[in-house]
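Coordinates in review
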Amino acid sequence: MSTIKDVARMAGVGLGTASRVVRGKGSVSQAKMERVQKAIAALGYRPSHAARSLLYGTSRMIGVYIPLLSGTFYTSILQIIDTELRGAGMHMMVAFGVSREDERRQAIDGVNFLIERGCDGVVLFTSPLTEEDLAALGPKRERVVALNDSFDGMPGQCFTVDHKLGGRLAARALLDHAHRDIAVIAGPSTAADNVDRIAGFMAELAGAGIATDDIWISERDFSSAEGRAAAMELAASGRPFTALFCANDEMALGALSYFHEAGIRVPQDVSVIGYDDAPAAAYSAPRLTSVHIPWREMTRNGIAELLNLCYGFNRPVTRTFPVSVSLRASVANVAKRRRSQP
């Protein structure tokens, strides 16, 4: 593989001149520029990643850490990040955890991996890291943004939503459709955003006079398979329920799959509401009602802030993101449901 030294030697110029031509910066005579360009073409020279880092003073690479790459949710998030970075002339490197055991250690190792590989900045998505872990990064913490998370030590670098409000809105959507016998499929209790949305959901029900201690609830891992298994367990329990809240859309889609196979009609027999409003929610059968989290806007603004921090850009940044409910066919009024029954 040819190096910049080979290019300089063939062109008969100094290494600094060849570097300035490759970078496109600095003063170089027309004659020398043409000789360097001819040498580059003849040798098929392409700067290596390490060489580019030396030339530009940056790697033009952003690291992304995701705690567990599973299902389809993170696919759209990574696409947004990649699109934003490529549009700025950057690329991404991804590290992720492999299980829900010792998530913090996996996150520490993943972030260190990204930094050691020369990433100019790091995106943390729903990270299990602590304030102390981030403080241990020293000056590098100034080039970190957190998506769907909040850290007191770097508030301006955090981009998230009010998940307690999201939980309240989910409960209110069911209450507004006259549901009171409600079941819940929750996500992991180790996930702070899940804890908040469940807390908000229960608080709204309690405010409506529903005894939340009596609600059927099952903690699962956010996967479609676990959503399906929980729905099967719920149906077999004999507990009366007219509505089901799932703490993310993937579990809701798994529940819809089981209900369809079991002959439980949605929304005629039971209403189902999810959370996230992932792209698949609008294409399920029936179309899934879901709490809309503006993931695209949150992610794009987080990346804009990181580009500002790492490369001195001056991109506008928004830090407030509204939460709402996308009402679709999977939720119906209890009275209407009962009138439709024979």
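Structure first, text after, so check above.
In this report, we go over the structure that sits alongside the text. (Residues numbered from 1 in each chain as written. Predicted model: local features only at pLDDT ≥ 70, side-chain atom pairs only at ≥ 80, totals over all residues. Heavy atoms only, no water.)

1. Let's talk about unusual backbone geometry
- Looking along the chain, the bond that leaves Val266 and enters Pro267 is cis, with omega of 10 degrees.
- Inspection of the secondary structure puts Pro267 in the loop between α11 (249-262) and β9 (271-276).
- The peptide bond linking Ala285 to Pro286 adopts the cis configuration, its omega dihedral lying at -5 degrees.
- Following the sequence through the fold, Pro286 ends up in the loop between β9 and β10 (289-292).
- Although it is not a glycine, Arg60 sits at a positive phi angle of roughly 55 degrees.
- By the element assignment, Arg60 lies in the loop between α4 (49-56) and β1 (61-66).
- Judged by its relative accessible area of 31%, Arg60 is partly exposed. (Helix = DSSP H or I, 4+ residues; strand = E, 2+ residues; numbered from the N terminus. Buried < 20%, exposed > 50% of the residue type's maximum accessible area, 1.4 Å probe, protein only.)

2. Some thoughts on the sheet that holds strand β2 (residues 91-96)
- The strand order β2-β1-β3-β4-β5 describes an open sheet built from five strands, whose pairing is parallel. Looking along the sheet, the strands with just one partner apiece sit at the ends: β2 and β5 (158-159).
- Here six bridges tie β1 to β2, and the two strands are oriented parallel to one another. Bridge pairing links Val64 to Val94 in β2. (Pairing = 2+ DSSP bridges.)

3. Concerning the packing of helix α5 (residues 73-87) against helix α12 (residues 295-311)
- At a closest axis distance of 10 Å, the pairing of α5 and α12 adopts a crossing angle of 40 degrees. Judged by the inter-axis angle, α5 sits oblique to α12. Between α5 and α12 lies a crossing of right-handed hand. Residues Phe73, Ile77, Ile80, Ile81, Glu84 and Leu85 of α5 form the contact with α12, whose participating residues are Trp295, Arg296, Thr299, Arg300, Ile303 and Leu307.
- Per-class residue counts for the contact of α5 with α12 are eight nonpolar, one polar and three charged. (Axes fitted to C-alpha atoms, helices over the stretch in contact; angles between N-to-C directions. Parallel < 35°, antiparallel > 145°, perpendicular 65-115°, else oblique. Left-handed = near helix turned anticlockwise from the far one by under 90°. Contact = heavy atoms within 4.5 Å. Nonpolar A, V, L, I, M, F, W, Y, C, P; charged D, E, K, R; others polar.)

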